[in-house]
Amino acid sequence: MDVLLAILGQFGLYGLLTVGIAVIFAATRVVNLAQGDLAMAGAYVAATVTAAPFGVRTLIALAVGAPLLLLMERLLLRGAVLDGLSSMLVTWGLGMALRQGAELLFTGTSRTVAVPVEGTVSVLGTPYPAYRLVCALTATAVVCLVLVLARRTGWGLTLRAVADNPDMAAVLGTDPRRLRTAAFTVGGLLAVLAGVLYSPVLAVNPSMGFGLLVPVFFGLLLSRPGALGTAAGAALFVSALSVLLRTWLSDTLAEALFYAVVVAIAALRSRPWIGRFSAWFRRTPAPLGAA
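Residues numbered from 1 in each chain as written. Predicted model: local features only at pLDDT ≥ 70, side-chain atom pairs only at ≥ 80, totals over all residues. Heavy atoms only, no water.

## Here we look at the overall build of the chain
Here's step 1: Looking only at helices and strands, the chain has 12 helices and 2 strands in total.
Here's step 2: In sequence order, the chain lays out its α and β elements as α-α-α-α-β-β-α-α-α-α-α-α-α-α.
Here's step 3: Taken across its 291 residues, the chain has 43% of its residues classed as buried.
Here's step 4: The long-range fraction of contacts in the chain, counting pairs at least 24 apart against all pairs at least 6 apart in sequence, stands at 77%.
Here's step 5: When the accessible surface of the chain is summed, it comes to about 14800 Å², and 68% of that surface belongs to carbon and sulfur atoms. (Helix = DSSP H or I, 4+ residues; strand = E, 2+ residues; numbered from the N terminus. Buried < 20%, exposed > 50% of the residue type's maximum accessible area, 1.4 Å probe, protein only. Contact = heavy atoms within 4.5 Å. Areas by Shrake-Rupley, 256 points an atom, 1.4 Å probe, with all protein chains shown as cover.)

Have a look at this one:
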């Protein structure tokens, strides 16, 4: 049970970040390399606005992050959205700017955030820190809400249409620029939320974003563009792999093997025969008696 709870907790963090980066990529084809640093910025809000209750700090981080993300997209990415390499360099530079800004303001010393919910709870007889469980369940609920919205609402339909065929979606009346702005803002806010929620269980420092980016980027590699469900599934796989390896092996060996396994799977996924098999597996069989 300890391992399952640890996987759930890790999935909450990776799920928010991976689904957020997948939302951005689906609409813009931009790989947001600043995703982890946006989480770092959210964590620093929780670490500095200590006079306010934790829930208020979360709302402050989201309220401040929304207009800033909107401004970032319009000033930095709108002209680069058609060029994948330039857009990646822009987001990488944005992440570096956030990192250096945090180091100038707060130095490189790690900060801690007080746990808002103390004590432990018993889960099927296994004691577990109460806040870690609340944090994991909250993050998982947000991920599930985003997946439901992507599948059941007009926004989700438009997002999938732009991901599949942006030119045709534009012809049918969708404004690609507005959708790209909204997607970048929503995806970035998911990262900010992840940083705030998990700030009490992580060491808050300027470099924490880079450590978060690597597994999230692998999660994006293992998912399909526009299919947020596969992004969530990839985040669950990466979370389970990370937790299980650290349970069985030393931290150094587990980290090395983790990267080796994920890179190998990503390389295999790019093989043409894997794509053909996946397409055949997803194909819906015709009803019996159909012509």
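From this point, the narrative continues.
## Some points on the pairing of strand β1 (residues 120-123)
Here's step 1: Across 4 bridges, the pairing between β1 and strand β2 (residues 126-129) is antiparallel. By the bridge assignment for β2, Thr 120 is matched with Pro 129.
Here's step 2: Linking β1 back to β2 in an antiparallel pair, the connection comprises 2 residues, with Leu 124 at a positive phi of about 55°. (Pairing = 2+ DSSP bridges.)

## Some words on unusual backbone geometry
Here's step 1: Positioned with a positive phi, Thr 107 is a non-glycine residue whose angle comes to about 65°.
Here's step 2: On the secondary structure map, Thr 107 appears in the loop between α4 (84-106) and β1.
Here's step 3: Owing to a relative accessible area of 42%, Thr 107 belongs among the partly exposed residues under this scheme.

## Brief notes about the packing of aromatic side chains
Here's step 1: The full count for this structure, using the stated rule, is 3 aromatic pairs.
Here's step 2: Geometrically, the ring pair formed by Tyr 44 and Phe 106 is stacked, given 4.5 Å between the ring centres and 10° between the ring planes. Here Tyr 44 is found in helix α2 (residues 35-48), whereas its partner Phe 106 is found in helix α4, with 62 residues between them in sequence.
Here's step 3: A cation sits over an aromatic face here: Arg 99 above Trp 92, 5.5 Å from the ring centre. (Phe/Tyr/Trp six-rings, centres within 6.5 Å; stacked < 30°, edge-to-face > 60°. Lys NZ or Arg CZ within 6 Å of the ring centre and 35° of its normal.)

## Description of the environment of Ala 102
Here's step 1: Mapped onto the elements, Ala 102 comes out in helix α4.
Here's step 2: Each C-alpha atom of the pair Ala 102 and Ala 41 lies 7.8 Å from the other, and the pair is 61 residues apart in sequence.
Here's step 3: For Ala 102, the residues in contact, after removing those within four places along its chain, are Met 40, Tyr 44, Thr 107 and Pro 206.

## Looking at the pattern of salt bridges
Here's step 1: Applying the stated rule across the entire model yields 1 salt bridge.
Here's step 2: The partner of Asp 37 in a salt bridge is Arg 99, with the nearest N and O atoms 2.9 Å apart. Taken together, the positions of Asp 37 in helix α2 and Arg 99 in helix α4 put the pair 62 residues apart, joining distant regions of the chain. (Salt bridge = Lys/Arg side-chain N within 4 Å of Asp/Glu carboxyl O.)

## What about the confidence of the model for the chain?
Here's step 1: Scored by pLDDT, the chain comes out at a mean of 81, with 82% of its residues at no less than 70.
Here's step 2: Taken element by element, the chain is modelled with least confidence in helix α12 (residues 272-282), mean pLDDT 49, and with most confidence in α2, mean pLDDT 92.
Here's step 3: Low pLDDT, under 50, characterises residues 284-291; the stretch is placed with 0 contacts to residues that sit more than four places away or in other chains. (pLDDT = per-residue confidence, 0-100.)

## Observations concerning the packing of α2 against helix α9 (residues 208-221)
Here's step 1: For the pair α2 and α9, the least separation of the axes is 7 Å and the interaxial angle reads 135°. When the interaxial angle is binned, α2 and α9 end up oblique. In terms of crossing hand, the pair formed by α2 and α9 is right-handed. Here α2 contributes Gly 36, Asp 37, Ala 39, Met 40 and Ala 43 to the contact with α9, which in turn contributes Met 208, Gly 209, Phe 210, Leu 212 and Leu 213.
Here's step 2: Broken down by class, the residue content of the contact of α2 with α9 amounts to 7 nonpolar, 2 polar and 1 charged. (Axes fitted to C-alpha atoms, helices over the stretch in contact; angles between N-to-C directions. Parallel < 35°, antiparallel > 145°, perpendicular 65-115°, else oblique. Left-handed = near helix turned anticlockwise from the far one by under 90°. Nonpolar A, V, L, I, M, F, W, Y, C, P; charged D, E, K, R; others polar.)

## Examining the nonpolar core
Here's step 1: In terms of nonpolar packing, the biggest core is built from 71 residues, with Leu 16, Leu 17 and Leu 197 touching the most fellow members.
Here's step 2: Element by element, the count of residues in this core is highest for helix α1 (residues 2-28), at 13 residues.
Here's step 3: Those residues within four positions of Leu 197 in sequence are excluded, and the remaining contacts are Leu 16, Phe 54, Tyr 131, Cys 135, Thr 138 and Ala 139. (Core = buried A, V, L, I, M, F, W, Y, C linked by side-chain atoms within 4.5 Å.)

## Side note on a nonpolar patch on the surface
Here's step 1: There is a patch of nonpolar side chains on the surface, built from Val 56, Ile 60, Val 64 and Leu 68 and spanning about 290 Å² of accessible area.
Here's step 2: Along the polypeptide, Val 56 turns up in helix α3 (residues 54-77).
Here's step 3: You can call Val 56 partly exposed: its relative accessible area is 37%. (Patch = residues over 30% accessible without salt bridge, like charges linked within 9 Å, V, L, I, M, F, W, Y side chains within 5 Å.)

## Re the packing of α2 against α3
Here's step 1: Orientation of α2 relative to α3, taken along the N-to-C sense of each, is 140°, at an axis distance of 9 Å. If you check the angle between α2 and α3, you find them oblique. In this structure, the crossing between α2 and α3 has a hand that is right-handed. Every residue of α3 that contacts α2 at Leu 38, Val 45 and Ala 46 is listed here: Phe 54, Arg 57, Ile 60, Ala 61 and Leu 69.

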